[in-house]
Amino acid sequence: MTYKQDNDKLYRYLFQNRAVRGEWVRLNDTFTETLNTHHYPIRVQNLLGEMLVATSLLTATMKFEGTITVQIQGDGPLKLAVINGNEHQQLRALARVEGDIAEDATLSQMIGNGVLVISIMPNDGERYQGVIALDKPTIRECLEDYFARSEQLQTHLIIRTGEYEGKAVAGGMLLQIMPDGTGTPEDFEHLATLAETVKDEEMFGLSAEELLFRLYHEEHVEVYEPQQTEFKCGCSRERSGNAILLLPAEEIEEMLAEKNGVIDIQCECCGTQYFFDKPAINELKEEADKLAKLGL
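The rules behind these values
- Residues numbered from 1 in each chain as written.
- Predicted model: local features only at pLDDT ≥ 70, side-chain atom pairs only at ≥ 80, totals over all residues.
- Heavy atoms only, no water.
- Phe/Tyr/Trp six-rings, centres within 6.5 Å; stacked < 30°, edge-to-face > 60°.
- Helix = DSSP H or I, 4+ residues; strand = E, 2+ residues; numbered from the N terminus.
- Buried < 20%, exposed > 50% of the residue type's maximum accessible area, 1.4 Å probe, protein only.
- Salt bridge = Lys/Arg side-chain N within 4 Å of Asp/Glu carboxyl O.
- Domains from an automatic or database assignment.
- Contact = heavy atoms within 4.5 Å.
- Buried area = accessible area lost by both parts, 1.4 Å probe.
- Polar contact = N/O pair within 3.5 Å; in protein donor to acceptor, adjacent residues only side chain to side chain.
- Nonpolar A, V, L, I, M, F, W, Y, C, P; charged D, E, K, R; others polar.

## Focus: the packing of aromatic side chains
- Scanning the model with the defined rule gives 5 aromatic pairs in all.
- An angle of 55 degrees between the planes, with centres 6.3 Å apart, marks the rings of Tyr164 and Phe204 as tilted. Of this pair, Tyr164 sits in strand E8 (residues 155–164) while Phe204 sits in helix H6 (residues 200–205); the two residues are 40 residues apart in sequence, bridging distant segments of the chain.
- Given the relative accessible area of 24%, Tyr164 is considered partly exposed.
- What makes Phe204 buried here is its relative accessible area of 3%.
- Taken together through their ring pairs, the aromatic side chains of Tyr13, Phe15 and Tyr216 make up a single cluster.

If you want it as structure tokens, here you go:
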């Protein structure tokens, strides 16, 4: 039986006697809605699922209000894979593929020479960017190495993607030694070893409470209230219109002539289309001029 009340939820938990913190997330609708308007190769779908899980778990470790972007750039057939998220666990995903990608393609075969870039943009404070070499077989291992090197925190990730009850699903767990220095490597390794025993059907089919009990029934685990995750695209008619206004006037006129008097813009993330005829564009220009005069 699937515990649907824990679908699209993130749970934080703390091992009271071990000085280790943990997170568990399962993305169902959040994942499938990122794929609804695209026909990505299976391997790319799974990679986006892995990145969505990683972004959700990473965001939950950070105490900030703002956005996080986890992005892969490479020179292989997968040119770009990017996840945007925020402290509300609102996520979206996008990939750009040029060429064929086999179902059993490795990370390096998809990406070629590439890097993983994590950008954190708090509403208040300085922007942070970390660049991670994709020199390991999986995203999971690259991120674990990043935490060990840059944050000097023992971190263990489990990320699973696949299909459950006929739908695409992704889930994962994060264990991290407490940054106050009270945790021991032995305690951390013990809990990480137990976490590795989790089966896909447990990750995708059990409630958080039952999953944690099966893995850690001899531990004292404090579980906090869950946070809802959701797919959310930040596109809008206003943003699309502003993008048109960035073009030279001559180019806008040429586009209107080529497209029978209507420029359409489709969001790459969610597939929403926005249409602008000449009166609508003139209205956008007038509004932009008013704001410019007001210094806004």
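## Let's talk about the pattern of salt bridges
- On inspection of all chains with the given rule, the structure shows 10 salt bridges.
- With its nearest N and O atoms 3.0 Å apart, the salt bridge here joins Arg18 to Glu219. With Arg18 in the loop between strand E1 (9–15) and strand E2 (20–27) and Glu219 in the loop between helix H7 (208–216) and strand E10 (221–223), this pair connects stretches of sequence that are 201 residues apart.
- You can call Glu219 buried: its relative accessible area is 15%.
- Shared partners join several salt bridges into a network, and the residues in it are Arg18, Asp187 and Glu219.

## Some details on the domain arrangement of the protein
- Splitting the protein by domain gives domain 1 (9–231) and domain 2 (237–294).
- Using C-alpha coordinates to define each centre, domain 1 is positioned 37 Å away from domain 2.
- If you look at the interface, domain 1 gives 7 residues, while domain 2 gives 4 residues.
- With both chains or domains summed, domain 1 and domain 2 bury close to 520 Å², and 52% of this area falls on carbon and sulfur atoms.
- Taking the shortest distance from any N to any O, the salt bridge between Glu268 and Arg96 comes out at 2.6 Å.
- Across the domain 1-domain 2 interface, the total number found is 3 residue pairs in polar contact (both at pLDDT 80 or more).
- A per-class count over the side of domain 1 that touches domain 2 returns 3 nonpolar, 2 polar and 2 charged.

## A closer look at the environment of Val97
- Relative to the helices and strands, Val97 is located in strand E5 (residues 90–97).
- Looking at Val97, the relative accessible area reads 29%, which means it is partly exposed.
- The sequence separation of Val97 and Pro41 amounts to 56 residues, and the corresponding C-alpha distance is 8.8 Å.
- Not counting chain neighbours up to four residues away, the residues in contact with Val97 comprise Pro41, Val44, Pro77 and Leu78.

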